[in-house]
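If you want the building blocks of each chain, they are given just below.
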Amino acid sequence: MSDEKNKDRYTKETHLIYGQAHSKKWDYDHHVVPPITSSATYRLDSAQRGAQGFVEFAHTTEETKNKEPILIYDRLGEPNKDILEENLAYAESGECAVTFACGMAAISGVLGVLARSGEDIIAHRTMYGCTYSLFTNWYPRYNISVQLLNLHDLDMLRSAIKPETRVIYFESPVNPTLTLIDIGGIAEMTKQINETRPEEEHIRIVVDNTFATPYCQRPLELGADFVVHSLTKGIGGFGTDMGGVVIGPEKYRDMLLLYRKDFGGVLSPKAAWPVLVYGLPTLSLRVQRQIQTTMEIAEHLEQHPKVKAVSYPGLPSFPQYDLAQKQMRNYEGAFAPGTLMYFTLKSDSPQDSRDRGEKVINYVADNAYAITLAVSLGHTRTLIEHPGSMTHSAIPAEEQVQRGMDPGGIRLSIGIERPEDIIQDLDEALSQI
Ligand SMILES: *Cc1c(COP(=O)(O)O)cnc(C)c1O
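Residues numbered from 1 in each chain as written. Predicted model: local features only at pLDDT ≥ 70, side-chain atom pairs only at ≥ 80, totals over all residues. Heavy atoms only, no water.

Here we take up the pattern of salt bridges. For the structure shown, the criterion picks out 15 salt bridges. With its nearest N and O atoms 3.9 Å apart, the salt bridge here joins Glu199 to Arg204. Taking relative accessible area as the criterion, Glu199 reaches 44% and is therefore assigned partly exposed. Between Lys251 and Glu199 there is a salt bridge, with the nearest N and O atoms lying 2.4 Å from each other. One end of the pair, Lys251, is in the loop between β7 (244-248) and α11 (253-263); the other, Glu199, is in the loop between α9 (183-194) and β5 (204-208), and 52 residues separate them in sequence. Lys251 gets classed as exposed once you look at its relative accessible area, which sits at 53%. (Salt bridge = Lys/Arg side-chain N within 4 Å of Asp/Glu carboxyl O. Buried < 20%, exposed > 50% of the residue type's maximum accessible area, 1.4 Å probe, protein only. Helix = DSSP H or I, 4+ residues; strand = E, 2+ residues; numbered from the N terminus.)

A separate point is the nonpolar core. Among the nonpolar cores identified, the biggest contains 66 residues, and Leu84, Leu88, Ile297, Leu301, Val310, Met341 and Leu412 are the most heavily contacted of them. In terms of residues, this core owes the most to one element, helix α12 (residues 269-303), which gives 13 residues. Counting the residues that make up this core, at least three belong to each of domain 1 (8-279) and domain 2 (283-430). Beyond its immediate chain neighbours, meaning those up to four positions away, Leu84 contacts Thr99, Leu231, Leu267, Ala272, Val275, Leu276 and Leu280. Counting 33 residues, the second largest nonpolar core, distinct from the first, contains Ala106, Val113, Tyr132 and Val206. (Core = buried A, V, L, I, M, F, W, Y, C linked by side-chain atoms within 4.5 Å. Domains from an automatic or database assignment. Contact = heavy atoms within 4.5 Å.)

By the definition in use, this model includes nine aromatic pairs. Between Phe226 and Tyr252, the ring centres sit 5.0 Å apart and the planes meet at 80 degrees, which makes this aromatic pair edge-to-face. Of this pair, Phe226 sits in strand β6 (residues 226-230) while Tyr252 is found in the loop between β7 and α11, placing the two residues 26 residues apart along the sequence. You can call Tyr252 buried: its relative accessible area is 13%. Where Tyr259 meets Phe263, the ring centres are 4.0 Å apart and the plane angle is 5 degrees; that geometry is what we call stacked. Here the residue Tyr259 and the residue Phe263 both occupy positions in helix α11, the gap between them amounting to four residues, near one helical turn. Grouping aromatic residues by their ring pairs yields a cluster made of Phe135, Tyr139, Tyr142 and Tyr169. (Phe/Tyr/Trp six-rings, centres within 6.5 Å; stacked < 30°, edge-to-face > 60°.)

Here we take up the pairing of strand β1 (residues 96-100). With respect to burial, β1 is a largely interior element, five of its five residues being buried. Going residue by residue along β1, you find Cys96, Val98 and Phe100 tucked away on one face and Ala97 and Thr99 tucked away on the opposite face as well. Of the pairings in the sheet, the one linking β1 to β7 comprises five bridges and is antiparallel in character. Note that in β7 the partner of Val98 across the bridge is Val246. (Pairing = 2+ DSSP bridges.)

With that settled, consider the packing of helix α6 (residues 103-114) against helix α7 (residues 129-138). Direction vectors running N to C along α6 and α7 enclose 35 degrees, while the axes themselves pass 10 Å from each other. Both α6 and α7 take part in a crossing whose hand is right-handed. On the side of α6, the interface is formed by Met104, Ile107, Ser108 and Leu111, while α7 contributes Cys130, Thr131, Leu134 and Phe135. Residue composition of the contact of α6 with α7, grouped by class: six nonpolar, two polar and no charged. (Axes fitted to C-alpha atoms, helices over the stretch in contact; angles between N-to-C directions. Left-handed = near helix turned anticlockwise from the far one by under 90°. Nonpolar A, V, L, I, M, F, W, Y, C, P; charged D, E, K, R; others polar.)

Along its sequence, the protein is organised into domain 1 (8-279) and domain 2 (283-430). Computed from C-alpha atoms alone, the centre-to-centre distance between domain 1 and domain 2 is 27 Å. If you look at the interface, domain 1 gives 44 residues, while domain 2 gives 41 residues. Three residues stand out in domain 1 for area buried against domain 2, namely Leu178, Leu180 and Tyr215, and they jointly supply 21% of the buried area on that side. Put simply, domain 1 and domain 2 have 20 residue pairs in polar contact (both at pLDDT 80 or more) between them. Breaking the side of domain 1 that touches domain 2 down by element, the ones donating at least two residues are α2 (12-18), α7, α9 and α10 (213-216). Sorting elements by how many residues they give to the side of domain 1 that touches domain 2 places α10 first, with four residues. Grouping the amino acids of the side of domain 1 that touches domain 2 by side-chain chemistry returns 20 nonpolar, 18 polar and six charged. (Buried area = accessible area lost by both parts, 1.4 Å probe. Polar contact = N/O pair within 3.5 Å; in protein donor to acceptor, adjacent residues only side chain to side chain.)

The immediate surroundings of the ligand are formed by 15 residues, with Gly103, Asp208, Ser230, Thr232 and Lys233 found nearest. Here an oxygen atom of the ligand and a backbone polar atom of Gly103 are 2.8 Å apart. The contact in question runs from an oxygen atom of the ligand to an N or O atom on the backbone of Met104, over 2.9 Å. Broken down by element, the shell around the ligand gets its largest block of residues, three residues, from α6. Residues of the shell around the ligand, tallied by class, amount to six nonpolar, six polar and three charged. (Near = heavy atom within 4 Å.)

Structure follows, in structure tokens:
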């Protein structure tokens, strides 16, 4: 049966287990599981075939798309990455995917392709700390301006757009506060503006979908142009390897491949393999279980006398609950509010809040069994961290508060443990303050 037929007949969840049953990228037709390839360079047979390989690399045509690639050198392309890319594009309902060594390589890759010196990027003001550092420490050196705005305010966004603006960049849910950005609303506004511009000046929307995973949200279906992921997180799922991916329109594939070839940042096949074999096939299973548990824990913490507020898109008290319902949907269309929450503790002052947050976290680090103090997220194990002093320490303390972060705020990424075990560890830690 042709793979195109399979896509119509089977659900996305099942497809992520099998991928394309027969792929031109893969000549190991009799393996049930694709082998890890480990070859930095490839036999070229003849000078002519070698030359043809260089002609075809990053020159995708209808003809080359459906033929076996001429493999040349791992940095240009190799089977594990290529098969993984087919599956990742499918998981996000995108036309093509290009993998990178890690999430930051993917983010700098897509922005490197979309923005040049003299142009402008608009980004939401709260985001992953290293992306913030990329925008504030590095892009000024390349003469790329970055406006960090509150993208919850669409009128403000509209008035900030300049003729040089090429990219609108954000995460949703936002790391670490879990507020949401209206993907469809921004897409609608951008579409209107793009209609007045020549194509090379179009504004592209790039969404970091790491927190939601494609199981809970597919920004491309909502009108975004590109999605980036840290594969290190929920898609990889087991916390064994780093990786990143850009998913977007087919016509950008070649530019992304050329960027990756020249800037490096290529995903190792040994890191692509676990995502292909363990991560994607178990994504929906893991995330379904994690959502149930996250919901249960969020409800528990919301009732807890020591807790001031819980931010989780699945709670009816979540200020953007309607937007969550609209844009966070699983492959079957059911509400899928994700596997992370952010909570704050009752306190007398910002300093008191910070002290209490640290006390809870330190108690967990010393005593908990089912919760681990560690950065990263989306793993089979529940991870706790203090964004103010860890993942977001690149953002100065006063600015953290302006960006909606509480000095003592705690981020929880829920794993696949049983909920009562996580609750037991949390209650014990909260009883210390
Ligand atoms: C971890 C993370 C990144 C960076 O990914 P790496 O794989 O660590 O490079 C980017 N965005 C978000 C939201 C993340 O959580």
